Amino acid sequence: MKRRRARRALKAARLIDEVVDTQLPLLASFDEQRRRRSADYLAELVKLAQDYRYFANGWIDAAELDRRGRRAVTELTKLRTDPSRRLIAD
């Protein structure tokens, strides 16, 4: 059971890495504000992928992975909804 969870965690980390790798080259074409905002999003995803690897290696438990995942979602939501961080103000 533990190995299966570790494999799934590594698979999730690789999937996140693929998303980041796909989006990273696009940053060069963005203006400065959009580039910074997008880089912040990608940095959160990179941290989350690393957390999945930590779990797969047994360095953190499932509860800690869940806590870190919730924190990442909270940060991504803040980036999306905080008017001071948004590209276009309503």
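Residues numbered from 1 in each chain as written. Predicted model: local features only at pLDDT ≥ 70, side-chain atom pairs only at ≥ 80, totals over all residues. Heavy atoms only, no water.

1. Topic: the nonpolar core
Argument step 1. Of all hydrophobic cores here, the largest spans nine residues; its members are Ala13, Ile16, Val20, Leu27, Phe30, Leu42, Leu48, Ala49 and Ala72.
Argument step 2. Listing elements by their share of this core, those giving two or more residues are helix H1 (2–23) and helix H2 (32–56).
Argument step 3. In this structure, Leu48 is in contact with Ile16, Gly69 and Ala72, ignoring residues within four places of it in sequence.
Argument step 4. By size, the runner-up hydrophobic cluster in this structure holds six residues, among which are Ala9, Phe55, Ile60 and Leu65. (Core = buried A, V, L, I, M, F, W, Y, C linked by side-chain atoms within 4.5 Å. Buried < 20%, exposed > 50% of the residue type's maximum accessible area, 1.4 Å probe, protein only. Helix = DSSP H or I, 4+ residues; strand = E, 2+ residues; numbered from the N terminus. Contact = heavy atoms within 4.5 Å.)

2. Quick look at the packing of H1 against H2
Argument step 1. Here H1 crosses H2 at 160°, and the two axes come no closer than 8 Å. By the angle between their axes, H1 is roughly antiparallel relative to H2. H1 and H2 meet at a crossing whose hand is left-handed. Between H1 and H2, the contacting residues are Arg5, Ala6, Ala9, Leu10, Ala12, Ala13, Ile16, Asp17, Val19, Val20 and Gln23 on the first element and Leu42, Leu45, Val46, Leu48, Ala49, Tyr52, Arg53, Phe55 and Ala56 on the second. (Axes fitted to C-alpha atoms, helices over the stretch in contact; angles between N-to-C directions. Parallel < 35°, antiparallel > 145°, perpendicular 65-115°, else oblique. Left-handed = near helix turned anticlockwise from the far one by under 90°.)

3. Some remarks on H1
Argument step 1. Helix length check: H1, at 22 residues, gives a terminal C-alpha distance of 32 Å against a target of 32 Å (1.5 Å per residue), a fit within 8%.
Argument step 2. Of the positions making up H1, those classed as buried are Ala6, Ala9, Ala13, Ile16 and Val20. Projected down its long axis, H1 shows its buried positions confined to an angular sector of 90°, all on one face. Opposite the buried face of H1, at more than 90 degrees from it, the exposed residues are Arg3, Arg7, Arg8, Lys11, Leu15, Glu18, Asp21 and Thr22.
Argument step 3. Packing partners of the buried residues in H1 comprise H2. (Expected span 1.5 Å × (residues − 1). Arc of directions from axis to C-beta.)

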